[in-house]
Amino acid sequence: MADFSRRRFLQSAAAAGAFAAPAAARFAAGAHRRRSPVAIASANGLQAVELAVRRMTEGWRPVDAAVAGVELVENDPDDDSVGLGGLPNEEGVVELDACVMDGPSGLGGAVAALQNVKNPAQVALKVMRHTDHVLLVGEGALRFARAYGFPEENLLTERSRRAWLEWRERRSARDKWIAPDENGEHGKEWFQQFKGKTGTIHLGAVAANGDVGSCTTTSGLAFKIPGRVGDSPLLGAGNYCDNDVGTGGSTGRGEACILASGGAFVVQQMELGKSPTDACLEACRRVVRLTKVKRLLDAKGRPDFQVQFYAASRDGRTGAAGLYAGKYAVCDEQGARHVDLAALYDEAPR
Ligand code: GLY
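It should be emphasised that the depicted structure is a prediction, and the values quoted were computed from it without experimental measurement.

Draft legend 1. Representation of the site of the ligand within the structure. Near the ligand you find 10 residues, and of these Thr200, Arg228, Asp231, Gly252 and Gly254 are the closest. Take Arg228: an N or O atom from its side chain is 2.7 Å from an oxygen atom of the ligand. At 2.7 Å from a nitrogen atom of the ligand is found a side-chain nitrogen or oxygen belonging to Asp231. Coverage of the ligand by the protein amounts to 100% of the 200 Å² it exposes when considered alone. For the shell around the ligand, the elements supplying multiple residues, two or more each, are strand 5 (198–206) and strand 6 (212–221). Within the shell around the ligand, the residues separate by chemical class into one nonpolar, seven polar and two charged.

Draft legend 2. Looking closely at the pattern of salt bridges. Tallied over the entire structure, the rule returns 14 salt bridges. Here Asp102 makes a salt bridge to Arg61, at a shortest N to O gap of 2.9 Å. Here the residue Asp102 occupies a position in strand 2 (residues 96–102), and Arg61 occupies one in the loop between helix 3 (46–57) and helix 4 (62–74), the gap between them amounting to 41 residues. On the accessibility criterion, Arg61 (35% relative accessible area) is partly exposed. Close ionic contact of Lys327 with Asp340 constitutes a salt bridge, the shortest N to O distance being 2.5 Å. Placement of the pair is Lys327 in strand 11 (residues 327–332) and Asp340 in strand 12 (residues 335–340), with a sequence separation of 13 residues. Residue class for Lys327 comes out partly exposed when judged on its relative accessible area of 44%. Shared partners join several salt bridges into a network, and the residues in it are Glu158, Arg161 and Arg162.

Draft legend 3. Local environment of the nonpolar core. If you look at the biggest cluster of nonpolar residues, it comprises 27 residues, and the most contacted ones within it are Ala39, Val49, Met56, Val100, Leu203 and Cys215. For this core, the elements supplying multiple residues, two or more each, are strand 1 (38–42), helix 3, helix 4, strand 2, helix 5 (120–130), strand 5 and strand 11. Broken down by element, the residue count for this core peaks at six residues, all from helix 4. Not counting residues within four places of it along the chain, the set of residues in contact with Cys215 comprises Ala66, Val67, Val70, Cys99, Val100, Ala121, Ile201, His202, Leu203 and Asn239. Grouped together as the second largest cluster of nonpolar side chains are 24 residues, Ala237, Val245, Ala283 and Ala321 included.

Draft legend 4. Representation of a nonpolar patch on the surface within the structure. Residues Val134, Leu135 and Val137 make up a contiguous nonpolar surface patch of about 230 Å² in total accessible area. Counting through the fold element by element, Leu135 comes out in strand 4 (residues 135–137). Residue classification places Leu135 among the partly exposed positions, given a relative accessible area of 37%.

Draft legend 5. Spotlight on the packing of aromatic side chains. If you walk through the whole model with that rule in mind, you get three aromatic pairs. Summarising the aromatic geometry, the rings of Phe144 and Tyr148 are spaced 4.9 Å apart at their centres and angled 45° between planes, so their arrangement reads as tilted. Judged by its relative accessible area of 12%, Phe144 falls in the buried class. Judged by its relative accessible area of 37%, Tyr148 is partly exposed. Relative to Phe223, the ring of Trp167 has its centre 5.0 Å away and its plane inclined at 15°; by these criteria the two rings are stacked. In this pair, Trp167 is assigned in helix 7 (residues 158–170) and Phe223 in the loop between strand 6 and strand 7 (239–242), connecting sequence segments 56 residues apart. Like Trp167, the residue Phe223 is buried in the burial classification. Geometry around Trp60 places Arg55 over its ring, the cationic atom sitting 4.9 Å from the centre. The ring of Tyr345 has Arg302 lying over it, and the distance from NZ or CZ to the ring centre is 5.2 Å.

Thresholds, definitions, all that
Residues numbered from 1 in each chain as written. Predicted model: local features only at pLDDT ≥ 70, side-chain atom pairs only at ≥ 80, totals over all residues. Heavy atoms only, no water. Near = heavy atom within 4 Å. Polar contact = N/O pair within 3.5 Å; in protein donor to acceptor, adjacent residues only side chain to side chain. Areas by Shrake-Rupley, 256 points an atom, 1.4 Å probe, with all protein chains shown as cover. Helix = DSSP H or I, 4+ residues; strand = E, 2+ residues; numbered from the N terminus. Nonpolar A, V, L, I, M, F, W, Y, C, P; charged D, E, K, R; others polar. Salt bridge = Lys/Arg side-chain N within 4 Å of Asp/Glu carboxyl O. Buried < 20%, exposed > 50% of the residue type's maximum accessible area, 1.4 Å probe, protein only. Core = buried A, V, L, I, M, F, W, Y, C linked by side-chain atoms within 4.5 Å. Contact = heavy atoms within 4.5 Å. Patch = residues over 30% accessible without salt bridge, like charges linked within 9 Å, V, L, I, M, F, W, Y side chains within 5 Å. Phe/Tyr/Trp six-rings, centres within 6.5 Å; stacked < 30°, edge-to-face > 60°. Lys NZ or Arg CZ within 6 Å of the ring centre and 35° of its normal.

Written out as structure tokens, the structure is:
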């Protein structure tokens, strides 16, 4: 992990009694014993967590169940955050990122800046299972997907194409594009929903026997510079799991999560004894502490962006937290539902 200082690590480890027993032993002896599979996801993953739990009940490996769940969202043309219909880069081309991690084998796979293939999480699974590599990008990732028979298609939908055109027309008073009339076909409010948008789905899955797997998939930051890669395909940032501990992942501003090594940090906090919710809150505090430049702070000195973290422990507890309020999705023996995030700040950034 990137920059956890020795002093902080020793302090938190000592506080949590982390050296008393290795993680596997502590979790095995823990009071929280698994009875049925559990899945946690970002709020756009309500159906995804339900399907993931169903698949694990049928005996699927958690990582395969997680990918099956997020595929529902990747295939949905009306969801502009991932897969088909994801918002494109500044040239109007959809570039997708995803990674998967498998607890029992400790292996992971990822693709980044993948064009024309709507299921990058499935391609990431192939990278994990058929190569000795972890991450393929761009043209190499596309050729790899093609070799495994993934169909190629234009991932821009009518809605995402129009959003991109409107973004291009509005972005500068100095270029040759004419800004649309704010009272025209789409008013300012319609366009506001796409500004600075980072849509993503993370899904962490825990089987009844405590095996874990996880996945994150995204179209990344709307209208990004071509080639920009966020946290989602980076193991340790947007997604991580450790079969002795649990899963951790992130959605929101990817740059902040990368700089905080978010996913790995969440898992490490659970290993040190924190509950899933507290581990996520600690990751949020870490993002706040590491966000120092003025252009990223609001009038109150708080980060002017949202980041959410999600965690599931191998004994089946789940929790999530954001800098600001929001929801997440969970499915366990009580069924699939939305739950409030724990949040550092109640109000939206100003
Ligand atoms: N968290 C998604 C991204 O920043 O690309």
